[in-house]
Amino acid sequence: MLVCSVLVMFTLLAAIDYYLAKQGAEKELLAKAERDLKESKRVDSVKVEVESAVRNLKGDVQRALNDPDRYYIIASKLVKNNKSIVGAGIAFPPNYYEGRNRLFAPYAYDEQPAIRIKKRKTHEPQIRTEILGFDYTDREWFVKPIETGKSLWTQPYVDKGGSHIIMTTFVEPIFDKNGKFAGAFFADVPMEDVSILAVNFTSDIQRGAWIIILTQIVFMGLFIVISANTVVASTP
């Protein structure tokens, strides 16, 4: 009975330690990303580059309002020609185009494997296109341009799509010929330095899971050995 209690206690402590380490590491990464946005000259340079690239294509996006299929071409061009941008798209208000999806947001991204490993584009982009498959109408990068009519950079966030890259997004509002909000033209940018840390963070999480498993195995083995000895000792 005592061994069982010890096993449960150590497993619980290992799980708590793993959870706290995970939460603390993610908070630290996000805090560092926020500091980079404000202080890093490198980030400032990237911001200017990305803002200029998006605004240079803003006119093309507005002229294509009557030809929505062109958005895939425009978004692909933005990703292909800018080394700091790994994804770009145009997100429209619900039911903006009759006969299209309720939420229509053409998106292009660089699928090259190096991005997942090194968190930066290193070779010729491998462009893929799709329609965003989630409800973006409550996201900061979509809501704020509607409220303010101005461009913005989002706060850093962890991409939950499996890459665990620290990202930030630049958004430029698009208006129709009557001056009404038509959509959000956006570019996704990985924050290189902290993204590399994110790889280590992910590895730490995986190691934490193995620690829990190994702890359970060790104490289960101890329990079996002690139980066996107890049975032998109590045998007349």
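Please refer to the structure higher up on the page.
Please read all numbers here as calculations on a predicted model, not as lab measurements. (Residues numbered from 1 in each chain as written. Predicted model: local features only at pLDDT ≥ 70, side-chain atom pairs only at ≥ 80, totals over all residues. Heavy atoms only, no water.)

Some details on the nonpolar core
Logical step 1: Counting residues in each nonpolar core, the largest one holds 27 residues, and the members touching the most others are Val50, Tyr71, Leu78, Ile85 and Phe185.
Logical step 2: Contributing elements (two or more residues each) for this core: helix 2 (41-63), helix 3 (70-80), strand 1 (87-91), strand 6 (166-175) and strand 7 (181-190).
Logical step 3: Here the element with the most residues in this core is helix 2; it accounts for six residues.
Logical step 4: Excluding its chain neighbours within four sequence positions, the residues that come into contact with Tyr71 are Val61, Ala64, Leu65, Ile90, Phe92, Tyr97, Phe104 and Pro106.
Logical step 5: Membership of the second largest hydrophobic core comes to 13 residues, among which are Ala105, Leu132, Trp141 and Leu152. (Core = buried A, V, L, I, M, F, W, Y, C linked by side-chain atoms within 4.5 Å. Buried < 20%, exposed > 50% of the residue type's maximum accessible area, 1.4 Å probe, protein only. Helix = DSSP H or I, 4+ residues; strand = E, 2+ residues; numbered from the N terminus. Contact = heavy atoms within 4.5 Å.)

Quick notes on the packing of aromatic side chains
Logical step 1: A full pass over the atoms with the stated rule returns 15 aromatic pairs.
Logical step 2: Taking 5.9 Å as the distance between ring centres and 20° as the angle between the ring planes, the aromatic pair formed by Phe92 and Phe104 counts as stacked. Residue Phe92 is located in the loop between strand 1 and strand 2 (106-110), and its partner Phe104 is located in the loop between strand 1 and strand 2; the two are separated by twelve residues in the primary sequence. For the residue pair Phe92 and Phe104, the accessibility class agrees, reading buried in each case.
Logical step 3: Three or more aromatic residues joined by ring pairs make a cluster, and in this case those are Tyr107, Tyr109, Tyr136, Trp141, Phe142, Phe175, Phe181 and Phe186. (Phe/Tyr/Trp six-rings, centres within 6.5 Å; stacked < 30°, edge-to-face > 60°.)

Overview of the side chain of Asn82
Logical step 1: Summarising the element assignment, Asn82 is placed in the loop between helix 3 and strand 1.
Logical step 2: Only 2.8 Å separates the side chain of Asn82 from the backbone oxygen of Leu78, close enough to count as a polar contact. (Polar contact = N/O pair within 3.5 Å; in protein donor to acceptor, adjacent residues only side chain to side chain.)

Thoughts on the pairing of strand 1
On a regular strand, each side chain points to the face opposite its neighbour's, so the side chains alternate between the two faces of the sheet.
Logical step 1: Within strand 1, five of the five residues are buried, which leaves the element mostly enclosed by the surrounding structure.
Logical step 2: The side-chain alternation of strand 1 yields two buried faces, one formed by Gly87, Gly89 and Ala91 and the other by Ala88 and Ile90.
Logical step 3: Where strand 1 and strand 2 come together, three bridges link them in antiparallel fashion. Along strand 2, the bridge assignment pairs Gly89 with Tyr107. (Pairing = 2+ DSSP bridges.)

A few points about the environment of Glu49
Logical step 1: Relative to the elements of secondary structure, Glu49 occurs in helix 2.
Logical step 2: Put simply, Glu49 and Ile85 are 36 residues apart on the chain and 9.7 Å apart in space, counted from C-alpha to C-alpha.
Logical step 3: Residues in contact with Glu49, not counting those within four places in the same chain, are Lys83 and Ser84.

Here's the deal with unusual backbone geometry
Logical step 1: In the Ramachandran plot, Asn95 falls in the positive-phi region, its phi being about 60° despite a non-glycine side chain.
Logical step 2: Inspection of the secondary structure assignment puts Asn95 in the loop between strand 1 and strand 2.

Points about helix 5 (residues 140-148)
Logical step 1: Every buried residue of helix 5 is accounted for by Trp141, Phe142 and Pro145. Buried residues of helix 5 fall within an arc of 105° about the axis and therefore sit on the same side.
Logical step 2: In this fold, the buried residues of helix 5 make contact with strand 1, strand 4 (152-153), strand 6 and strand 7.
Logical step 3: Once helix 5 finishes, Gly149 follows within two positions and takes phi at roughly 70°, a positive value. (Arc of directions from axis to C-beta.)

Purely spatial values, then, with no claim about function.
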